[in-house]
Structure formats: structure tokens, C-alpha cells
Amino acid sequence: MKLGVVLSGGGAKGAYEAGFLKALSELNIQPDAIAGTSIGAITGAICSANIDIHKSADIVEKLWLELARETALQFDKKKLHLNLIDVISFFAPIPQTNIVKIINSLKISLSKEGILTNLPLINRLQKYAPPEMLKTGLPFYVGYSKSYGNFLDLLHFLNLKEIDAEYKKIQDLSDNEIHKAIMASAALPLLFDAIEVEGEHKRDGCLASQKEEWGNTPAYPLVKYEKCTHLIICHLNKGSSFNRLNPIFKNIPIIEIRPNENIFNNSLDSLSFKIEKIKEWMDFGYKDSIKILKDSIETIKLIQKRKAMEMLSDYSIEKLKNRNFKLNFDD
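Reading the values: rules and limits
Residues numbered from 1 in each chain as written. Predicted model: local features only at pLDDT ≥ 70, side-chain atom pairs only at ≥ 80, totals over all residues. Heavy atoms only, no water. Helix = DSSP H or I, 4+ residues; strand = E, 2+ residues; numbered from the N terminus. Buried < 20%, exposed > 50% of the residue type's maximum accessible area, 1.4 Å probe, protein only. Contact = heavy atoms within 4.5 Å. Areas by Shrake-Rupley, 256 points an atom, 1.4 Å probe, with all protein chains shown as cover. pLDDT = per-residue confidence, 0-100. Pairing = 2+ DSSP bridges. Salt bridge = Lys/Arg side-chain N within 4 Å of Asp/Glu carboxyl O.

Asker: Lay out the overall build of the chain with the relevant residues and their values.
Answerer: On a plain count of helices and strands, the chain comes out with 11 helices and 10 strands. The buried share of the chain, reckoned over its 331 residues, is 49%. Restricting the contact set of the chain to residue pairs at least 6 apart, pairs at least 24 apart contribute 75%. A total of about 17300 Å² of accessible surface is found on the chain, and carbon and sulfur atoms cover 57% of it.

Have a look at this one:
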């Protein structure tokens, strides 16, 4: 058995995943490999670097309480100022030639810059999941997508234009590229800069292939490359369209943790890093996960036991056949 854990993206709603990890820790469920996108990539990095689920769960809970008490989303004042100037100048009632308007519109749409700084998260990664720990940690994949500039990236985010998901194993990167790839996985268009990873600009994996959540719920590389035999997936959206019936997951037992539809009911929840919300979502993540995991694991154990008995029976029969043993019911 090789267990893969998948952590979906969802901004501040990722506090739910802290409760999920607490449940894994309490039930002594140790992952063998991790994959995550966006805030799931930040959380996954901590799980990978610290390896032991008990230690990881404690650190992730601490991280979320830190983010809730501080200003997790901070404006980059210089970029905000420059972007506002670009937008205002484009719409301002000042005589402009068509060429100038075209240049300004291209500048805005092709820009790969955002208005928020990612320093609070980078500082946490350096503190809790430095490159040297990730290099020797659990196999860890992030989901991200190629950036084509704010305009097209926004169309991908709104699912108005399709783009394929990309996955990267963090252990395959150089030390200088590791945190870049993780932060690229969490770089939403307009909010954060696209980040150059191995010579190409990348952005949040949730932009990619939203019809089957391939980018936002990167289970694919754990099955394809890590050969995980079991998966536990923590979603941050009740209506996640992740397709567990896809042929790639044939014969792979999958446990999905999904939040109740009443937990996240505001479109701005992803940006709400308020202490009361964070604590509430962590608690919901823990309670939902404990209930689902306890029931599911008992079922999986019964299935595995039955399969083991079937394999033993088949082996015994073959062994008897090889010895030319036959049962004669004619007498």
C-alpha cells in the first residue's frame, strides 16, 4: 500500500486543510507522497518537508493562526500605484491616438504582474519548509499552469478558455527553483505576479482544465508517477468537479473529504483571513475528516483483507495444481 494525499486550492479556505491534517495525525495516517495546488501547495510543502504527519499537522495549525493574526494579504504599493495609473490613463478622457490606446491595452492585458506581495507566504516557506528539507522530504508535486498574461490568465480562471494542467515534482528542481514553483502554484492572476520557473512564467494551477479539476486537485501525478495505490483528497469546494471515475483511477480506492455546502457560502471566503473564520474552518475540517476517514478506512481494511484472502486462495490452488493434485468427485 502506498498512500497519496492531495490538497486542493482555495485561498483562505485552506484553513479547512489544517483540520484535515489534524485528523490524519490523530488517526495515525501517514502519507507516502503529497500533491497540492495553490494554498494546498503551501500546506503540502510543510507536509513534505517535515515528513511526519504529527509534526506537520502541528506546524500547519500554527501557520494558519499566524496568518489569521497578521495581514496575510498585503498590497505591493509600488505595483498597485503603477497598475492604477495604467488603467486610469487608458480610460481617461484625454485625447489619445488609436496606436497609443492599442499599446496601453496590450500593456495591461499582457502584464504578468499582480497587486499583492507574496512575501508573507515566502517567509513561512523559508521558516517551515526550506529547500534543503524539501529535497529530502516526502515526494511532493505542485499543480500550476503556463501564464499568458493577465487577460488570458483571467479567462482561464473563469473557465472561459481551456488550458492544460502542468505538474512538477519539487525534488526534481534546483534549490533556487523550489520555492518559486510552490509560489507559482498559488499565483492567481491580477492578485499575484506570475513566477518564472525553469525559464517559463507559471501561475495558479486552478486556471488549468477546470472541467475535471486536474489543475486544482492534482491527483494525477501521484498515480501516474508515484504509483500510489490509495488516495485521500481534501477538497475546499463542495461542488468540486473532480472525476474519480476517470480510467486513470481504476482500481485506486479514493477517499474524498468535502466541506458541507453551508461552510463556504461567500464568494470572498477565499480572501477572508479573519481569525474567527480560520478557527471555524479548521474545526469543520477536523470534524468532517474524522467522520469520513473513520468510516472509509474500516471499509478499505475489509476490502484489503478480502483481496488478501482471495490472493492467498488463488496461490494455494495454483500450488496444488503444480503438484498435480486433483479432486475426484466421481467415487
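Asker: Just give me the short version of unusual backbone geometry, but keep the residues and values in it.
Answerer: When glycine is set aside, most residues are seen to have a negative phi, and most peptide bonds are trans. One non-glycine residue, Asn28, adopts positive backbone phi at about 55°. In this structure, Asn28 sits in the loop between helix H1 (15–26) and strand S2 (33–36). Of note, Asn251 is a non-glycine position whose phi angle comes to about 70°, a positive value. Along the chain, Asn251 turns up in the loop between strand S9 (230–234) and strand S10 (254–257).

Asker: Run through the confidence of the model for the chain, naming residues and quoting values.
Answerer: Residue-level pLDDT values for the chain average 84, and 83% of them are 70 or greater. When the criterion is pLDDT under 50, residues 84–92 qualifies, and its contacts beyond four places in sequence or with other chains add up to 9 contacts.

Asker: Got a sec to walk through the pairing of strand S5 (residues 140–146)? Specific residues and values, please.
Answerer: Side-chain direction in a regular strand flips from residue to residue, so the side chains alternate between the two faces of the sheet. Counted residue by residue, S5 has 6 buried out of 7 residues, so it is predominantly covered. The pairing of S2 with S5 spans 3 bridges and is classified as parallel. Across the sheet, residue Ile34 finds its bridge partner in S5, namely Phe140. As paired strands, S5 and strand S8 (residues 200–204) are joined by 3 bridges and run antiparallel to one another. By the bridge assignment, Tyr144 is partnered in S8 with Asp204.

Asker: Give a description of the pattern of salt bridges that names residues and reports values.
Answerer: Per the counting criterion, the structure on display carries 13 salt bridges. The salt bridge involving Glu177 is made with Lys180; its shortest N-O contact spans 3.6 Å. Of this pair, Glu177 and Lys180 are both found in helix H9 (residues 175–184), 3 residues apart, which corresponds to roughly one turn of the helix. Linking Glu200 and Lys202 is a salt bridge whose minimum nitrogen-to-oxygen distance equals 2.5 Å.

Asker: Tell me about the environment of Ala49, residues and numbers included.
Answerer: Tracing the chain through its elements places Ala49 in helix H2 (residues 39–50). Judged by relative accessible area, Ala49 falls into the buried class, the value being 6%. For the pair Ala49 and Met133, spaced 84 residues apart in sequence, the C-alpha to C-alpha distance is 4.9 Å. Once you skip the residues sitting within four places of it in the chain, Ala49 turns out to touch Tyr128, Ala129, Met133 and Leu134.

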